[in-house]
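Chain by chain, the residues:
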Amino acid sequence: MIRSQLLKSILPVIADQLVVCNIGLPSQELFMLGDQPNNFYMLGTMGLSSSIGLGVALAQTEKVIAIDGDGSVLTNLATLATIANNPRPNYILLIVDNGSYGSTGDQPTYAGRKTSLAAVARACGCENVVECEAAETADALQTALDGDQMTVIVAKCDSGNIDVPVIEMSPITIRERFMGEVRRRNES
Amino acid sequence: MVKEVDRRIVDDLVANDIGFVTTVPCKQLAGVIEVLQGRDEILHVPSNKEDEGMGLCAGAYMGGKRPCIIMQNTAIGVVVNTLATLIQYYQIPLPMLISYRGEVGEKVACQVEMAVHTKAILQQLGIPTYHFHHGEQVEELDGILKHTAMCKKPTAILTDANFWSTAQ
Ligand SMILES: [Mg+2]
């Protein structure tokens, strides 16, 4: 199972959730497979999906799923310490770990070699870290949504990409429709 | 040690509905950080690096809280990409309260090395920049915060050693 298949498998689970999605192919795949106004797509700035998602979770009470990658978490590794020390029950970090920098041509990351991001997350103080295989991700994500505890999921999948178009929606449109969803959910 | 100016700055943040502040510390900013940590109106979340902090700020803004980042000017060398591709690209209002190290009164020579690049980088990025050199310039902060919210841009408030030493 490669990342695009993993993302397709979680579409029913994230359909009604606030989602912050990582830069590059993950956002492009999610946009193509299941665009929704409650998705926030990163068009730039590698490494900050987990931080942006945590910011949304810290500012309001609706659940937020930050979809990140192994390479992006490695580039902002200290985010795991910030997450652990500011736990929020409405925050879920899903790290799609394919052991490679997918968007740049599948160069291997250290997460695909000796470094365990789940172990790093635990060492940083994250108390609810779940490791799973790609096919188990939808169930793990649903369990996290049903629970009332911050969860970090490290989902292992194969590296590999499909052809996807770039996102042509403007950043302001992406932000404003996402913020509209945040407001609507917090008001109702 | 907390001074009146530290309370004044945090009061201005609160009066402008800033509900989320992230910090990477500097000794000139220690008083401000101490005051804001004790204010119920502000959620203070320290970050490990300033680009991470700007990610938190972008998220907090989308979650409904006005953000502010407090950091040292050396961070300007860290956050150029984040300012351009996240804060500016998505039009997120972000006042940056910056300790301007390396100006007259500085004791650490290496701080001057980034001080000489600070305004040039901010200018290159087209970021409205305000330099507080005398203590009474704190009076301008309220207007700058309103301006930032209005134009939905990052703005830089550079506070140098003379500002902090002459502020009440
Ligand atoms: Mg990867």
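The notes below deal with the structure included here. (Residues numbered from 1 in each chain as written. Chains lettered and ligands numbered in written order. Predicted model: local features only at pLDDT ≥ 70, side-chain atom pairs only at ≥ 80, totals over all residues. Heavy atoms only, no water.)

### Describing the overall build of chain A
Counting its regular elements, chain A contains 8 helices and 8 strands. On the principal axes, the C-alpha backbone points of chain A span a range of 45 × 35 × 30 Å. Per-residue burial for chain A yields a buried fraction of 57% across its 188 residues. Sequence-distant contacts, at least 24 apart, represent 71% of the contacts inside chain A between residues at least 6 apart. Carbon and sulfur atoms make up 49% of the accessible area of chain A, which amounts to about 7400 Å² in all. Chain A carries 13 positive and 21 negative side-chain charges, and their two centres are separated by 4 Å. (Helix = DSSP H or I, 4+ residues; strand = E, 2+ residues; numbered from the N terminus. Buried < 20%, exposed > 50% of the residue type's maximum accessible area, 1.4 Å probe, protein only. Contact = heavy atoms within 4.5 Å. Areas by Shrake-Rupley, 256 points an atom, 1.4 Å probe, with all protein chains shown as cover. Lys, Arg positive; Asp, Glu negative; His and termini not counted. Charge placed at Lys NZ, Arg CZ, Asp CG, Glu CD.)

### Brief notes about the pairing of strand β5 (residues 129–132) of chain B
Residues and elements named next belong to chain B. Judged from the 4 bridges that link them, β5 and strand β6 (residues 154–160) form a sheet pairing that is parallel. When the bridges of β6 are listed, Thr 129 appears paired with Ala 156. As for the winding sense of the linkage, the β-α-β connection from β5 through helix α6 (residues 141–151) to β6 is right-handed. (Pairing = 2+ DSSP bridges. Right-handed = clockwise from strand over helix to strand, strands pointing away.)

### Concerning the interface of chain B and chain A
Across the boundary between the two partners, chain B contributes 25 residues, which contact 29 residues of chain A. Area buried by chain B at its contact with chain A is led by B:Glu52, B:Met62 and B:Tyr90, which between them contribute 34% of it. Run the count over chain B and chain A and you get 9 residue pairs in polar contact (both at pLDDT 80 or more). Those elements giving two or more residues to the side of chain B that touches chain A turn out to be α3 (50–62) and α4 (80–88) of chain B. Top element by residues in the side of chain B that touches chain A is α3(B). It accounts for 8 residues. (Buried area = accessible area lost by both parts, 1.4 Å probe. Polar contact = N/O pair within 3.5 Å; in protein donor to acceptor, adjacent residues only side chain to side chain.)

### Focus on the sheet that holds strand β8 (residues 151–156) of chain A
Residues and elements named next belong to chain A. In spatial order, the strands read β2-β1-β3-β4-β8-β7; together these 6 strands make up an open sheet with parallel pairing. Two strands in the sheet have a free side with no partner beyond their single neighbour: β2 (39–41) and β7 (129–133). Put simply, the sheet's adjacent strands are angled 20° from each other on average, direction ignored. Judged from the 4 bridges that link them, strand β1 (residues 18–21) and strand β3 (residues 64–69) form a sheet pairing that is parallel. Following the sheet pairing, Val 19 is matched in β3 by Ile 65. Contacts between helix α2 (residues 25–34) and the sheet are confined to β1, β2 and β3, with β2 contributing the most and set at about 140° to the helix. On the sheet, helix α3 (residues 49–59) packs against β1, β2, β3 and β4 (91–97) and is oriented at approximately 170° with respect to β3. (Axes fitted to C-alpha atoms, helices over the stretch in contact; angles between N-to-C directions.)

### A closer look at the packing of α3(A) against α3(B)
Where α3(A) contacts α3(B), the two axes come as close as 6 Å, and the packing angle between them is 45°. On the basis of the axis angle, α3(A) is oblique to α3(B). Where α3(A) crosses over α3(B), the two elements pack in a sense that is right-handed. Two secondary-structure elements touch here, α3(A) through A:Ser51, A:Ile52, A:Leu54, A:Gly55, A:Val56 and A:Ala59 and α3(B) through B:Glu52, B:Gly55, B:Leu56, B:Gly59, B:Ala60 and B:Met62. Residue composition of the contact of α3(A) with α3(B), by class: 7 nonpolar, 4 polar and 1 charged. (Parallel < 35°, antiparallel > 145°, perpendicular 65-115°, else oblique. Left-handed = near helix turned anticlockwise from the far one by under 90°. Nonpolar A, V, L, I, M, F, W, Y, C, P; charged D, E, K, R; others polar.)

### Let's talk about the packing of helix α1 (residues 3–14) of chain A against helix α7 (residues 137–146) of chain A
Residue and element names in this part refer to chain A. Packing of α1 against α7 brings their axes to within 8 Å, and their N-to-C directions diverge by 30°. When the axes of α1 and α7 are compared, the pair comes out roughly parallel. Once α1 is placed against α7, the crossing between them reads as right-handed. Contacts from Leu 6, Ser 9, Ile 10, Val 13 and Ile 14 of α1 reach α7 at Thr 137, Ala 138, Leu 141, Gln 142 and Leu 145. The residue inventory of the contact of α1 with α7, partitioned by class, reads 7 nonpolar, 3 polar and no charged.

### Remarks on unusual backbone geometry
Leaving glycine out, the prevailing phi sign among residues is negative, and the prevailing peptide bond configuration is trans. Residues and elements named next belong to chain B. Residue Asp 17 is not a glycine yet carries a positive backbone phi of 60°. With respect to the helices and strands, the residue Asp 17 is situated in the loop between α1 (4–15) and β1 (18–23). Residue class for Asp 17 comes out exposed when judged on its relative accessible area of 56%. The backbone of Gln 91 shows a phi angle near 50°, a positive value even though the residue is not glycine. Tracing the chain through its elements places Gln 91 in the loop between α4 and β4 (94–100). Owing to a relative accessible area of 37%, Gln 91 belongs among the partly exposed residues under this scheme.

### Things to note about the layout of surface pockets
Within this model, the largest pocket holds a volume of roughly 260 Å³. What lines the largest pocket is a set of 19 residues, among which A:Asn22, A:Ser72, A:Tyr101, A:Gly102 and A:Ser103 lie closest to the centre. Of all the secondary structure elements, the ones that give two or more residues to the lining of the largest pocket are β3, α4 (70–75) and β5 (100–101) of chain A. Counted as a void, the second largest pocket has a volume near 150 Å³. A:Thr75, A:Asn76, B:Lys49, B:Asp51 and B:Glu52 are the residues nearest the centre of the second largest pocket, which is lined by 15 residues in total. Looking at the lining of the second largest pocket, the elements with two or more residues in it are α3 and α4 of chain B. (1 Å grid on protein atoms, 1.4 Å probe; cavity = no way out; pocket = protein on both sides within 12 Å on 5 of 7 lines; lining within 4 Å. Points joined across faces, edges and corners; volume = space filled by probe spheres on them.)

Nothing here speaks to function; it is all geometry.
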